[in-house]
Amino acid sequence: MIVSNLENAAKYRNIDGKIAACVEYAAQLNADTPCGRYEVSEDVYVNVMEYTPKPSSEATIETHDVYADLQLVLSGEEFMGYISDKDVLPAVAYDKEKDIAMWKGNISLIPLRAGDFALFFPKEPHAPSLHKTSGTVKKAVFKIMY
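Residues numbered from 1 in each chain as written. Predicted model: local features only at pLDDT ≥ 70, side-chain atom pairs only at ≥ 80, totals over all residues. Heavy atoms only, no water.

### Details of the overall build of the protein chain
Part 1 of the argument: Summing up its helical and strand segments, the protein chain has 1 helix and 12 strands in all.
Part 2 of the argument: Secondary structure of the protein chain in N-to-C order comes out as β-α-β-β-β-β-β-β-β-β-β-β-β.
Part 3 of the argument: Taking 146 residues into account, the globule formula puts the C-alpha radius of gyration at 15 Å, and the protein chain, at 14 Å, falls close to it.
Part 4 of the argument: Reported as C-alpha extents along the three principal axes, the dimensions of the protein chain are approximately 40 × 35 × 25 Å.
Part 5 of the argument: For the protein chain, the exposed surface amounts to about 7600 Å²; the carbon and sulfur share of it is 50%. (Helix = DSSP H or I, 4+ residues; strand = E, 2+ residues; numbered from the N terminus. Rg over C-alpha atoms; globule rule 2.2 N^0.38 Å. Areas by Shrake-Rupley, 256 points an atom, 1.4 Å probe, with all protein chains shown as cover.)

### Here's the deal with the sheet that holds strand 12 (residues 137-145)
Part 1 of the argument: The strand order across the open sheet built from 6 strands is 1-10-5-12-3-2, with neighbouring strands paired in antiparallel fashion. Where the open sheet ends on each side, the last strands, each with one partner, are strand 1 (2-5) and strand 2 (36-41). Shown here is a sheet whose adjacent strand axes are inclined to one another by a mean of 20°, direction ignored.
Part 2 of the argument: Here 4 bridges tie strand 5 (residues 67-75) to strand 10 (residues 116-120), and the two strands are oriented antiparallel to one another. When the bridges of strand 10 are listed, aspartate 69 appears paired with phenylalanine 120. (Pairing = 2+ DSSP bridges. Axes fitted to C-alpha atoms, helices over the stretch in contact; angles between N-to-C directions.)

### Structural notes on the side chain of histidine 64
Part 1 of the argument: By the secondary structure assignment, histidine 64 is in the loop between strand 4 (61-63) and strand 5.
Part 2 of the argument: In this structure histidine 64 comes out as buried when scored by relative accessible area, which is 5%.
Part 3 of the argument: Reaching out from histidine 64, the side chain makes a polar contact with the backbone oxygen of aspartate 99 at a distance of 2.7 Å.
Part 4 of the argument: If sequence neighbours within four positions are ignored, histidine 64 has contacts with Asp69, Asp99, Ile100, Pro122, Lys123, His126 and Lys143. (Buried < 20%, exposed > 50% of the residue type's maximum accessible area, 1.4 Å probe, protein only. Polar contact = N/O pair within 3.5 Å; in protein donor to acceptor, adjacent residues only side chain to side chain. Contact = heavy atoms within 4.5 Å.)

Right, dumping it as structure tokens:
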């Protein structure tokens with residue numbers, strides 16, 4: 001897991017070409033970007049969405065086997081839940097079609113504001129879209145195939 005801000009994103013470009021493509025594409029996104037799915041490359045797409053975050057008591061811990069998630073807050077604030085893969089218990093078995101498994105455990109909360117992002121590689125548990133403050137959040141979620 002990596003948590004940072006777009007101002008520091010250049011540091012992570014050298015991880016691989018897919019991350020570099022996300023960083024480049026992210027630079028053109030903002031609070032006015034229409035919601036929807038956008039193709040970034042053959043192995044990367046991004047969903048731009050707007051929603052009201054849920055309370056941390058309703059957090060759902062998820063992992064993906066095929067895709068990494070780079071979750072970038074475009075406007076508003078939220079918490080991202082994090083927990084080590086050693087500390088989770090199975091809740092819902094892996095669904096290959098949806099590339100998601102659900103888990104139970106006690107998460108730590110990481111605050112994210114506009115411009116902040118969290119990068120979760122495959123099999124790294126995370127609980128997105130949790131309350132930071134009242135109001136809506138606009139976020140871009142890059143799905144990176146590995």
